[in-house]
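The chain contents come next:
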Amino acid sequence: MVKKGKNIVIAEFFIIGLMAILVYNLFSQGVSWKIVQSAAALIFLGILLSLVFEARQRRMCIVNAKTMILTGVLAWILLDPLTLKEGIEKFSPESISKAFVMILLFMLMVYLGYIIEWPAYFEKIFKKLDYKYSFSRGKLFKFTAIFLFLGLLPILIWGGGAKNIIYNLTHAGRFGTAWGRGAYGGWTDWIKTGLSLFGIIGIQLTWFYSIFVKKKITLILLALVNILIIFNTGTRTSLGAVLLPLFLLYYLHAYNNRRKSRYVIFILFYLLLIVFQIQLIVRSSSHGTRVEDIVRESISKVSGKAPTEFQRDNQFYEIVRIGEYVPSTLPYSGELLIFRPLYHFVPRAIWKGKPGGITKNYENLVLGEGMSLTLAVSMIGEFYICNGWLGICAIGILIGFLAKQFDSLIEMSRRSPAILLVYSYGLTFLFISIRSYQIVYEGWYAFIFIYFMLKWIRVKKPTTQYEHT
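Attention in this report is confined to the structure presented alongside it. It should be emphasised that the depicted structure is a prediction, and the values quoted were computed from it without experimental measurement.

**Some details on the overall build of the protein**
- Of regular secondary structure, the protein possesses 20 helices and zero strands.
- Computed over its C-alpha atoms, the radius of gyration of the protein comes to 22 Å, within 12% of the 23 Å expected for a compact globule of 469 residues.
- Overall, the C-alpha framework of the protein stretches about 65 × 60 × 50 Å when taken along its three principal axes.
- Counting all 469 residues of the protein, 52% fall into the buried class.
- Taking the contacts inside the protein whose residues are at least 6 apart along the sequence as the reference set, 80% of them involve residues at least 24 apart.
- Total accessible area computed for the protein in this model is approximately 21700 Å², and 65% of it derives from carbon and sulfur atoms.
- Taking the average location of the 50 positive side-chain charges in the protein and that of its 25 negative ones, the two points are 12 Å from each other.

What follows is the structure in structure tokens.
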């Protein structure tokens, strides 16, 4: 079965290569919206059919690490040309075809990273969490509550009092909240970032406790307050990073136990898209407008839209623009970006010359000096800005490696809730990382705390599933 699975993945690798040739032939006829849409449709069709075929042949859940990465490319980047969302008239045919080459090269490298026979690092590391249902519910509750409280400390310390906190959380226009961290701050911003990380972990542990132990109103309320803060002052990406693991944890647990209730995830996912859109409206509304009024006025309009309309990013457009400007107008930055996760958490107060925003020079070029707007250009665009084609190859192989490592946990995750939590969070981590490498170099630290947290709650005395569900 393992050999058969590898052969299928290798076949998919060659299918991607074949699609690259077909896309090249399409563009040899010229570039138009019809050709661009046809190329995107071809990639969508080839990827989705391959993933469905693989899941059926290997008798595995289609929700896995490699699938999340590839569908991430489809959702974050290729949905735009498929739905004709962004104009391309001002770009040269060479720039547009170059963008497709960059995207297909990244996919090929993901497959290559997945095919390579790496040592099973994650399997060895997380094997200590393969204790099934033998964990201390009391310890889990205490640590979850502590982590959730730590996540609330920024708003309690820098919120300006209860009255100001309540006002900010119930009214729109909160980009400058006192508890929010700056882009290039000192120790205070570093502490705020670290505490927010604990809040994210606490939310994930709340999902774990609610599904595998019982629903505890204290934890749920604390988690909801943390989520409300992210909803009001965070991004859609940060909100998705804390909510998507719940859906995946529920779905995979139901899938492993062959429960039909898992299909409710499709309804929940659509509702989540609506929440994302409302979050965007709230954050974009004028300062002082009541959130309650915004939601009441927007809910019917938003819920009536097609899911494809919720895609706000124009990352395909940015990749085309990057391909046109880099390196002809803007030279490669040269930062070995793939190593940023190793030094990102060094405080800027200690390291004054710590690298700043990946796309800063690019934004200065296309937006003008002094603009504070950060453009989402996808992981592909970020690595091309730094290291060109070699950068795309490097990050593709790394992400393929991570997908292979996370998928090595599938068998253990079927019997151990702790590993299923790590796996579910990992799938979300990989999916969102396609939008920006930031999720990787800022978010990977969460796995360290989650690992030790789950390791500490282990008990030697075995318990059955039915004692906890």
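**Here we look at the packing of aromatic side chains**
- Summed over all chains, the structure comprises 33 aromatic pairs.
- For the pair F345 and Y445, a centre-to-centre distance of 4.4 Å together with 45 degrees between the ring planes defines the contact as tilted. In this pair, F345 is assigned in the loop between α14 (340–343) and α15 (360–367) and Y445 in helix α20 (residues 445–456), connecting sequence segments 100 residues apart.
- Judged by its relative accessible area of 11%, Y445 falls in the buried class.
- With 4.6 Å between their ring centres and 35 degrees between their planes, W444 and Y445 make a pair best called tilted.
- For W444, a relative accessible area of 29% puts it in the partly exposed group.
- Stacked on the ring of W158, the Lys or Arg K192 has its end atom at 5.0 Å from the ring centre.

**Thoughts on the nonpolar core**
- Of all hydrophobic cores here, the largest spans 144 residues; its most connected members are F100 and L454.
- Counting residues per element, this core draws most heavily on helix α4 (residues 93–115), which supplies 15 residues.
- Setting aside residues up to four positions removed in sequence, L454 forms contacts with L129, Y131, L205, F208, A418, L421 and V422.
- One finds I155, I165, W179 and I229 within the second-largest nonpolar core, a separate group that totals six residues.

**Brief notes about the pattern of salt bridges**
- Under the defined criterion, the tally for this structure stands at 11 salt bridges.
- A salt bridge links K6 to E117, with the nearest nitrogen and oxygen atoms 3.1 Å apart. Separated by 111 residues along the polypeptide, K6 in helix α1 (residues 2–27) and E117 in the loop between α4 and α5 (121–126) bring together distant segments of the chain.
- Using a relative accessible area of 32% as the deciding quantity, one classes K6 as partly exposed.
- Judged by its relative accessible area of 57%, E117 falls in the exposed class.
- Two residues, D293 and R296, come together in a salt bridge whose shortest N-O distance is 2.6 Å. You can see D293 and its partner R296 sitting in helix α12 (residues 291–303), three residues apart, about one turn around the helix.
- What you see here is one network of salt bridges that share partners, running through E12, E54, R58 and K66.

**Examining the environment of E442**
- Along the chain, the position of E442 falls in helix α19 (residues 438–443).
- Its relative accessible area of 22% is what places E442 among the partly exposed residues.

**Focus on the packing of helix α6 (residues 137–158) against helix α9 (residues 217–233)**
- Running from N to C, α6 and α9 point in directions that differ by 30 degrees, and their axes come no closer than 10 Å. One element, α6, and the other, α9, form an angle in the roughly parallel class. In the packing of α6 onto α9, the handedness of the crossing is left-handed. From α6, F141, T144, A145, L148, G151, L152 and I155 reach across to α9, where they touch L219, L222, A223, V225, N226 and I229.

Quick notes on the rules
- Residues numbered from 1 in each chain as written.
- Predicted model: local features only at pLDDT ≥ 70, side-chain atom pairs only at ≥ 80, totals over all residues.
- Heavy atoms only, no water.
- Helix = DSSP H or I, 4+ residues; strand = E, 2+ residues; numbered from the N terminus.
- Rg over C-alpha atoms; globule rule 2.2 N^0.38 Å.
- Buried < 20%, exposed > 50% of the residue type's maximum accessible area, 1.4 Å probe, protein only.
- Contact = heavy atoms within 4.5 Å.
- Areas by Shrake-Rupley, 256 points an atom, 1.4 Å probe, with all protein chains shown as cover.
- Lys, Arg positive; Asp, Glu negative; His and termini not counted.
- Charge placed at Lys NZ, Arg CZ, Asp CG, Glu CD.
- Phe/Tyr/Trp six-rings, centres within 6.5 Å; stacked < 30°, edge-to-face > 60°.
- Lys NZ or Arg CZ within 6 Å of the ring centre and 35° of its normal.
- Core = buried A, V, L, I, M, F, W, Y, C linked by side-chain atoms within 4.5 Å.
- Salt bridge = Lys/Arg side-chain N within 4 Å of Asp/Glu carboxyl O.
- Axes fitted to C-alpha atoms, helices over the stretch in contact; angles between N-to-C directions.
- Parallel < 35°, antiparallel > 145°, perpendicular 65-115°, else oblique.
- Left-handed = near helix turned anticlockwise from the far one by under 90°.

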